[in-house]
Every structure is written in C-alpha cells, then in structure tokens.
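# Secondary and tertiary structure notes
Residue-level listing of the chains:
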Amino acid sequence: MFIVDAHQDIAYNALEWGRDLRRSVAETRALEAREHPDYCREDAQGGICMVGLPELRRGGVAIVFGTLFAYPLVGVGKGVNPRYRLTQSYRDPDGAWRVAREQLDYYRRLAQEAGVWLLLTQEDLERFIGAWSQSNGADPQRPFGIVPLMEGADAVRRPEEAEDWFAAGLRVLGLAWAHGSRYCGGNGRPGPLTPEGRRLLHHMQRVGLVLDTSHLAEESFWQALEQFEGTVIASHSNCRALVDSPRHLSDAMIRAIAERGGVIGIAPINPFLYTHWKRSQPFAVSLRRVVEHIDHVCQLTGSANHVGIGSDLDGGLGRDEAPEELETVADFPRLAEALAAAGYAQEDVVRIMGGNWLRLLERVLPRAADAQLQPTDKG
C-alpha cells in the first residue's frame with residue numbers, strides 16, 4: 001500500500017536531537033538509552049523513537065511531508081530538559097530563517113542518499129511514483145519522498161519572501177505554531193490575522209504555496225479561508241467533536257476544508273485522540289479510536305476523499321503516547337486493517353492511507369518550468 005504521512009519533524013529531530021533517519025528505530029532507541037539513561041523516557045520533547053528510514057520503507061510509507069520547524073524561545077527558562085540543545089530555536093525572524101534554511105539544506109543532503117527523493121515538482125512526483133511502483137518493502141533503497149512543509153511562518157521574514165521560499169523548495173506553509181506568529185494567532189495564543197498575515201496569504205496564493213491550517217487560532221482560520229483562494233489543508237489535526245480543544249478542528253472547519261478540496265491529516269497520538277489522556281495518567285488506546293476520528297471526517301464530508309494520515313510521530317511525543325498497535329511507523333498498515341475491520345471498502349482504505357494526499361500533490365505541485373526549478377537529479 002502507498003502510504004503518505006503529511007507531518008513528520010524529520011529535520012528538527014536530526015539537527016536538535018541527533019536522530020539520524022537512516023538508523024533503524026532499534027538503533028536509535030539503544031543509542032538514546034545509553035546516552036540518557038536517567039531521563040530519556042521522561043523526555044517530553046522527544047519521546048521514545050518511532051521513526052527510522054528502514055521502518056518507513058518496511059511499512060510502505062512512500063511520502064512524508066517533512067517539516068521546517070524552528071522552536072520559538074518564548075517562556076523557555078527554568079525546567080528546560082537537559083536534553084535541549086536549542087540549536088533549532090529562535091528569538092527573532094532572522095533566527096527563525098537560519099533554522100529553517102538549515103533544515104531545508106538537511107533535506108537536500110538527505111536526498112543525496114540512495115532512494116531518498118525531494119519532491120518539489122510534478123516531474124519529480126511522476127518519476128518517483130514510477131520508481132516506487134517497481135520496488136518492494138524488502139528493497140533497502142526503496143524510494144522514499146519528502147515534501148517540505150513549514151510549521152510556523154516566522155522564518156518568512158517579510159511576506160514578499162514567500163516567493164524565495166517557494167523557489168528554494170517549500171511547498172506547504174502553516175502560518176503559526178501553537179504560540180502563534182506575527183502573522184496570526186495560534187491555538188495556544190488566540191488572535192486574528194495581522195496585516196502582515198494578509199499580505200503573506202496574498203503572496204502565497206500568487207506563487208502557489210499550500211496553506212496548512214493546523215495550529216491556527218479559530219479566528220485566524222476563518223479569516224485566512226476568506227482571504228486565501230488557494231489550496232487549504234490541515235496537515236495534523238484531529239476532530240474537536242471527539243477531543244474538545246482549540247488545537248483541533250470543529251465540524252464547521254472540517255466541512256470548510258473539504259469544500260475547498262483539501263485533506264485533513266489525523267494524528268495517531270493519544271492526547272490528540274482522547275481529551276482526558278495524560279502522560280501522568282495514561283491508559284491503553286487502540287487504533288479503533290483513530291478510525292473514529294477518521295470516520296467523523298468521512299461522515300461530515302460525505303466521503304472518504306478528504307482525510308488521511310498526519311502522524312506527527314516523534315514530534316514531541318513517542319511510543320508511550322501512541323496507540324498500542326503502533327510500535328513504530330512500520331505498523332501503519334495496521335491502521336488499514338482497522339479501517340477494513342470497521343467496514344471501509346478497499347478503495348476508501350487506499351484513499352485514506354495515502355491516495356487523498358497523493359491526489360492533492362498531483363494537483364498542487366508545480367511543473368518544473370513554472371517553479372523555476374530543475375527536477376531533482378534522480379532516476
């Protein structure tokens with residue numbers, strides 16, 4: 001099965017935590033257990049590793065939206081975990097820009113590895129799919145594709161800089177992380193679009209950047225949809241009807257994204273699946289609960305065409321915060337089994353596991369000539 005995951009913090013984890021994607025999950029866990037025996041398992045900003053390139057390939061994960069994420073140094077002081085290096089953090093737009101550029105450069109270096117592709121154009125995607133279809137999960141160099149997504153827009157120093165980021169390879173842009181940004185409010189700091197935010201949306205639409213609404217404050221969400229006529233997604237947001245939090249999408253927001261032809265990535269993370277799940281008071285969670293969030297989107301929108309996976313695995317939480325069936329990302333096919341067990345037809349399972357995101361990429365990625373980029377040197 002061709003699986004697409006619309007949200008993983010691969011570059012941040014590599015550059016902040018030293019998590020080399022090329023290692024297996026077992027290797028990374030063993031290394032971190034040796035280096036941090038006293039607090040590794042308590043680390044709220046890393047969790048127990050679940051993502052490695054061998055597991056991604058074995059699980060059939062073909063494409064990941066790889067984030068550019070700079071951690072804002074807001075309120076960071078006492079109680080900082082000793083594992084924090086804060087190399088991927090910022091205090092001003094120039095600092096955010098440097099971090100995001102470093103992470104984009106990391107993806108470019110990673111794409112020099114055999115079998116790793118940076119998917120920036122239609123031509124890249126077409127050749128990637130052809131190569132992937134001729135491979136199998138036993139191939140240690142099975143094609144694996146990365147689409148760059150920026151989580152929080154502070155690295156865009158001026159709205160006009162959207163064009164530079166697009167030319168550099170950015171394809172999806174979220175205006176805010178939880179703390180918000182100078183462009184809009186976030187789910188942890190409500191507020192409207194700012195005048196700069198409106199200008200940024202104008203430039204995003206002009207160059208063809210996709211708007212990621214995950215983490216937007218609700219006021220900013222509705223203003224952005226009114227202002228922006230381009231493609232809209234939520235890379236990693238669950239259903240507020242099932243988890244009562246401004247971090248997630250109301251029914252009206254879900255319908256609005258679907259009406260715009262967008263896709264919503266459901267995150268299989270326990271506190272995103274149940275309101276009352278806490279690290280201090282954990283309980284077992286099944287993939288059936290992930291299916292309930294997926295099904296809620298399907299029932300609201302009338303089809304299985306607007307929902308997919310946006311796992312955010314290893315994005316601050318790990319194995320202890322994931323459903324019991326998911327030991328690593330290699331177990332994503334178990335979600336397909338859970339969907340089938342819930343009565344979903346095979347064609348709908350294929351859409352949810354990756355087909356919807358793939359269809360969106362086929363629509364929004366530019367032709368190489370339009371992007372003023374050359375296809376990546378693969379094939």
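Above this text sits the structure in question.
Read on for a plain summary of the structure. Worth saying up front: this structure is predicted, and the values here are computed from it rather than measured.

A separate point is the overall build of the protein chain. Assigned secondary structure in the protein chain consists of 14 helices and eleven strands. For a compact globule of 379 residues, the expected C-alpha radius of gyration is about 21 Å, and the protein chain comes in at 19 Å, within 12% of that figure. Projected onto its principal axes, the C-alpha coordinates of the protein chain cover approximately 50 × 45 × 40 Å. Across the 379 residues that make up the protein chain, the buried fraction comes to 61%. Expressed as a percentage of contacts within the protein chain between residues at least 6 apart in sequence, the contacts between residues at least 24 apart total 75%. Once the 41 positive and 51 negative side-chain charges of the protein chain are each reduced to a mean point, those two points are 2 Å apart.

Further remarks concern the packing of aromatic side chains. As enumerated under the stated definition, the model contains twelve aromatic pairs in all. Aromatic side chains Trp117 and Phe128 sit 5.7 Å apart centroid to centroid with 80° between the ring planes, which places their arrangement in the edge-to-face category. One end of the pair, Trp117, is in strand S5 (residues 116-118); the other, Phe128, is in helix H5 (residues 122-133), and eleven residues separate them in sequence. Each member of the pair Trp117 and Phe128 is classed as buried. Three or more aromatic residues joined by ring pairs form one cluster here, namely Tyr12, Trp17, Phe69, Tyr71 and Trp177. Above the ring of Trp165, the side-chain terminus of Arg101 is found at 4.4 Å from the ring centroid. Of note, Arg289 hangs over the ring of Tyr274, and the distance from its end group to the ring centre comes to 4.1 Å.

Turning next to unusual backbone geometry. You will see that His215, though not glycine, has its phi angle at about 80°, which is positive. Along the chain, His215 falls in the loop between strand S8 (210-212) and helix H8 (218-227). The phi dihedral of Asp312 is positive, around 60°, even though this residue is not glycine. Among the secondary structure elements, Asp312 is positioned in the loop between strand S11 (307-309) and helix H12 (333-341).

A separate point is the side chain of Ser135. Along the chain, Ser135 falls in the loop between H5 and strand S6 (144-151). Separated by 2.7 Å, the side chain of Ser135 and the backbone oxygen of Trp132 make a polar contact. Ignoring anything within four residues of it in the chain, the contact list for Ser135 reads Arg142 and Pro143.

Once their charged atoms are close, side chains differing in charge can pair, the charge on each being opposite to the other. Per the stated rule, a full pass over the model turns up 21 salt bridges. The partner of Glu292 in a salt bridge is Arg289, and the shortest N-O contact between them spans 2.7 Å. Within this pair, Glu292 and its partner Arg289 are both found in helix H11 (residues 287-301), separated by three residues, close to a single helical turn. Residue classification places Glu292 among the partly exposed positions, given a relative accessible area of 39%. Arg289 gets classed as buried once you look at its relative accessible area, which sits at 11%. Look at the salt bridges and you will find they share partners, linking Asp94, Arg157, Arg158 and Glu161 into a network.

By secondary structure assignment, the location of Arg319 is in the loop between S11 and H12. In this structure Arg319 comes out as buried when scored by relative accessible area, which is 15%. Sequence separation between Arg319 and Asp92 is 227 residues, and the spatial gap between their C-alpha atoms is 33 Å. Looking at Arg319, its side chain comes within polar contact range of the main-chain oxygen of Pro323, at 3.4 Å.

Moving on, we come to the packing of helix H1 (residues 10-17) against helix H4 (residues 93-110). Two elements in contact, H1 and H4, have axes whose closest approach is 9 Å; the angle formed by their N-to-C orientations is 100°. When the axis of H1 is compared with that of H4, the two are roughly perpendicular. The residues of H4 that touch H1, namely those facing Ile10, Ala11, Tyr12, Ala14 and Leu15, are Glu102, Gln103, Tyr106, Tyr107 and Arg109. Tallied by class, residues from the contact of H1 with H4 come to seven nonpolar, one polar and two charged.

Right, let's get into the state of the cysteines. Counted under the stated rule, the structure contains zero disulfides. Counting only cysteine sulfurs, Cys298 is the nearest neighbor of Cys239, a cysteine outside any disulfide, at a range of 9.3 Å. Judged by its relative accessible area of 1%, Cys239 is buried. Take Cys298: its relative accessible area is 7%, and that puts it in the buried class.

Under the 1.5 Å per step criterion, the end-to-end length of H5 is 17 Å for twelve residues, consistent within 8% with the ideal 16 Å. Within H5, burial applies to Gln122, Glu123, Asp124, Leu125, Phe128 and Trp132. Buried-residue contacts for H5 involve strand S2 (61-68), S5, S6, helix H13 (346-364) and helix H14 (368-371).

Across the interface, H5 lies against H13 with an axial gap of 9 Å and an inter-helix angle of 140°. The angle between H5 and H13 places the two elements in the oblique class. For the pair H5 and H13, the crossing hand works out as left-handed. Here Gln122, Leu125 and Ile129 of H5 lie close against H13, whose contacting residues are Leu358, Leu361, Glu362, Arg363 and Val364. Across the contact of H5 with H13, the residue classes tally to five nonpolar, one polar and two charged.

Parameters at a glance
- Residues numbered from 1 in each chain as written.
- Predicted model: local features only at pLDDT ≥ 70, side-chain atom pairs only at ≥ 80, totals over all residues.
- Heavy atoms only, no water.
- Helix = DSSP H or I, 4+ residues; strand = E, 2+ residues; numbered from the N terminus.
- Rg over C-alpha atoms; globule rule 2.2 N^0.38 Å.
- Buried < 20%, exposed > 50% of the residue type's maximum accessible area, 1.4 Å probe, protein only.
- Contact = heavy atoms within 4.5 Å.
- Lys, Arg positive; Asp, Glu negative; His and termini not counted.
- Charge placed at Lys NZ, Arg CZ, Asp CG, Glu CD.
- Phe/Tyr/Trp six-rings, centres within 6.5 Å; stacked < 30°, edge-to-face > 60°.
- Lys NZ or Arg CZ within 6 Å of the ring centre and 35° of its normal.
- Polar contact = N/O pair within 3.5 Å; in protein donor to acceptor, adjacent residues only side chain to side chain.
- Salt bridge = Lys/Arg side-chain N within 4 Å of Asp/Glu carboxyl O.
- Axes fitted to C-alpha atoms, helices over the stretch in contact; angles between N-to-C directions.
- Parallel < 35°, antiparallel > 145°, perpendicular 65-115°, else oblique.
- Nonpolar A, V, L, I, M, F, W, Y, C, P; charged D, E, K, R; others polar.
- Disulfide = S-S within 2.5 Å.
- Expected span 1.5 Å × (residues − 1).
- Left-handed = near helix turned anticlockwise from the far one by under 90°.

Worth remembering: the numbers are spatial, not functional.
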